[in-house]
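Residues per chain, in single letters:
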Amino acid sequence: MSETGEMLIQGAIDLHVHTAPDLVPRKYTDIQLAKKYQAAGYDSCNGASCAI
């Protein structure tokens with residue numbers, strides 16, 4: 001990622017992200033994705049699910 005991109009992400013919050021397990025296969029679990037967001041500099045993320 002570019003320096004500008006990294007600067008823009010610092011402190012960001014993703015308001016809608018889907019994680020596994022879910023009805024639709026997902027690439028990451030909640031914990032895996034939270035660790036990736038933390039490493040990228042995000043402050044928070046909000047998980048969503050397709051399960052009813």
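Residues numbered from 1 in each chain as written. Predicted model: local features only at pLDDT ≥ 70, side-chain atom pairs only at ≥ 80, totals over all residues. Heavy atoms only, no water.

Engineer: Give me the lowdown on the pattern of salt bridges, citing residues and values where you can.
Structural biologist: Scanning the model with the defined rule gives one salt bridge in all. A salt bridge links D22 to R26; the shortest N-O distance between them is 3.4 Å. With a relative accessible area of 18%, D22 lands in the buried category. R26 gets classed as partly exposed once you look at its relative accessible area, which sits at 27%. (Salt bridge = Lys/Arg side-chain N within 4 Å of Asp/Glu carboxyl O. Buried < 20%, exposed > 50% of the residue type's maximum accessible area, 1.4 Å probe, protein only.)

Engineer: Before we move on, could you go through the pairing of strand β2 (residues 44–48) and cite the residues and values that matter?
Structural biologist: In terms of strand pairing, strand β1 (residues 13–18) meets β2 through four bridges, oriented parallel. Residue pairing for β2: V17 is matched across the bridge by G47. (Pairing = 2+ DSSP bridges. Helix = DSSP H or I, 4+ residues; strand = E, 2+ residues; numbered from the N terminus.)

Engineer: Would you mind going over the confidence of the model for the protein chain in detail, with residue names and values included?
Structural biologist: With 94% of its residues at a pLDDT of 70 or more, the protein chain has an overall mean of 82. Across the protein chain, the secondary-structure element scoring lowest on mean pLDDT is β2, at 76, and the one scoring highest is helix α2 (residues 30–40), at 87. (pLDDT = per-residue confidence, 0-100.)

Engineer: Would you mind going over the environment of V17 in detail, with residue names and values included?
Structural biologist: Position of V17 among the secondary structure elements: in strand β1. In this structure V17 comes out as buried when scored by relative accessible area, which is 11%. In this structure, the C-alpha to C-alpha distance between V17 and D43, residues 26 residues apart in sequence, is 14 Å. Not counting residues within four places of it along the chain, the set of residues in contact with V17 comprises L33, Y37, C45, N46, G47 and A48. (Contact = heavy atoms within 4.5 Å.)

Engineer: For the side chain of D22, give the residues involved together with the corresponding values.
Structural biologist: Structurally, D22 is set in the loop between β1 and α2. Polar side-chain contacts of D22 include one of 3.4 Å to the side chain of R26. (Polar contact = N/O pair within 3.5 Å; in protein donor to acceptor, adjacent residues only side chain to side chain.)

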